[in-house]
Protein chains: 2
Amino acid sequence: MTIEVGDNSIFIGNKPFMNYVTSVVMQFTTKEASEVIVKARGKFISRAVDVSEVAVKRFLQDRIDVKSIQIGSEGFENDDGKNIRVSTIEIVLVKRTEI
Amino acid sequence: MTIEVGDNSIFIGNKPFMNYVTSVVMQFTTKEASEVIVKARGKFISRAVDVSEVAVKRFLQDRIDVKSIQIGSEGFENDDGKNIRVSTIEIVLVKRTEI
């Protein structure tokens, strides 16, 4: 299982769904991250929301929360030299502070 | 053009993309709404982000902003009686206050 992970960011693509969920869970548990950012572009945005929801509501219930969500756009030139715009999302998950 | 609109909420589905953008723009202009909520479930979440980005960055540039974004889950029983979970998003767009 190799998925892109950088400085607590997880980039959602077309690998098996549970790879991403496991990766989020491991960042918070094994790697003791206090914050994990789930990032995606284009059609993978829906999947980023799914991954976040499953992590927050099922696997790390009562242990992490959605801290903030940002959407944006990126422009790039495709192979035909045409300018393409793609939407992006960044979902910041945060460990709950112990009371 | 008939798309679902209720109390300033626009539900994103599989109608032509520009119908939704036009609907957002009309809510803010013709109908003078101060806030519009772009809602979607499942695979349409990516599209809701696209609609919001195009409205904010292109059609109503400098006139509206993303105020807040919420994600969630809904459970329902499918035709086979199986429990299904689907992610949801609500993107709140807000008119800029005049200075």
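Everything discussed here concerns the structure shown above.
Residues numbered from 1 in each chain as written. Chains lettered and ligands numbered in written order. Predicted model: local features only at pLDDT ≥ 70, side-chain atom pairs only at ≥ 80, totals over all residues.

Asks: Is there a simple way to explain the overall build of chain A in this structure?
Replies: Assigned secondary structure in chain A consists of two helices and five strands. In chain A, the order of α-helices and β-strands from amino to carboxyl end is β-β-α-β-α-β-β. Along the longest, intermediate and shortest principal axes, the C-alpha atoms of chain A span 55 × 30 × 20 Å. Within chain A, buried positions represent 34% of all 99 residues. The contacts of chain A with a sequence gap of at least 6 include a subset with a gap of at least 24, amounting to 60%. (Helix = DSSP H or I, 4+ residues; strand = E, 2+ residues; numbered from the N terminus. Buried ≥ 20, exposed ≤ 12 C-beta atoms within 10 Å, placed from the backbone. Contact = placed C-beta atoms within 7 Å.)

Asks: Could you clarify how one ought to interpret helix α2 (residues 45–59) of chain B in this entry?
Replies: Note that an α-helix has 3.6 residues per turn; residues three or four places apart therefore point the same way. All names here are of chain B. For α2, which comprises 15 residues, the first-to-last C-alpha distance of 20 Å matches the rise-based estimate of 21 Å (1.5 Å per residue) to within 8%. With twelve of its 15 residues buried, α2 lies for the most part within the structure. Among the residues of α2, those classed as buried are I45, S46, R47, A48, V49, D50, V51, S52, E53, V54, A55 and V56. (Expected span 1.5 Å × (residues − 1).)

Asks: Honestly, the interface of chain B and chain A in this entry has me stumped. Any pointers?
Replies: A common way to report how large an interface is uses the accessible area buried once the components associate. Contact with chain B, which involves 15 residues of that partner, is made by 15 residues of chain A. Going through the elements one at a time, α2, β4 (64–77) and β5 (83–95) of chain B are the ones with two or more residues in the side of chain B that touches chain A. Ranked by residues supplied to the side of chain B that touches chain A, first place goes to α2(B) with seven residues. For the side of chain B that touches chain A, the residue count by class is six nonpolar, five polar and four charged. (Nonpolar A, V, L, I, M, F, W, Y, C, P; charged D, E, K, R; others polar.)

Asks: Explanation requested: unusual backbone geometry in the structure shown.
Replies: Only a minority of non-glycine residues have a phi that is not negative, and only a minority of peptide bonds are not trans. Residue and element names in this part refer to chain A. Within the chain, D62 stands out as a residue other than glycine whose phi angle is a positive 65 degrees. You can see D62 is positioned in the loop between α2 (45–59) and β4 (64–77). Owing to 8 C-beta atoms within 10 Å, D62 belongs among the exposed residues under this scheme.

Asks: Looking at this structure, I do not really get the packing of helix α1 (residues 17–28) of chain A against α2(A). What am I missing?
Replies: When two helices pack together, you describe them by how their axes are tilted relative to each other and by the distance separating the axes. All names here are of chain A. Interaxial distance between α1 and α2 falls to 9 Å at its minimum, and their mutual angle equals 55 degrees. As the angle between them shows, α1 and α2 are arranged oblique. In terms of crossing hand, the pair formed by α1 and α2 is right-handed. Facing Y20, V21, V24 and V25 of α1, the residues of α2 in contact are V51, V54, A55 and F59. A class-by-class count of the residues in the contact of α1 with α2 yields eight nonpolar, no polar and no charged. (Axes fitted to C-alpha atoms, helices over the stretch in contact; angles between N-to-C directions. Parallel < 35°, antiparallel > 145°, perpendicular 65-115°, else oblique. Left-handed = near helix turned anticlockwise from the far one by under 90°.)

Asks: Would you mind going over the relation of the copies chain B and chain A with me for this structure?
Replies: It takes a turn of 180 degrees to lay chain B on chain A, together with a shift of 0.0 Å along the axis; the resulting RMSD is 0.0 Å. The operation mapping one copy onto its partner corresponds to a two-fold rotation axis. Within chain B, S46(B) has its C-alpha nearest the rotation axis, a separation of 2.6 Å. In this assembly the copies share their binding face: 100% of the residues contributing to the interface of chain B also contribute to that of chain A. (Least-squares fit on C-alpha atoms with pLDDT ≥ 70 in both.)

Asks: Help me understand the nonpolar core in this model?
Replies: Across soluble globular proteins, nonpolar side chains have a tendency to be buried as a group. Residues V24(A), V38(A), A48(A), V24(B), V38(B) and A48(B) are the most contacted members of the largest nonpolar core, which totals 50 residues. Residues contacting V24(A), with those up to four places away along its chain left out, are I10(A), V36(A), V38(A), V51(A), A55(A) and L93(A). (Core = buried A, V, L, I, M, F, W, Y, C linked by C-beta atoms within 7 Å.)

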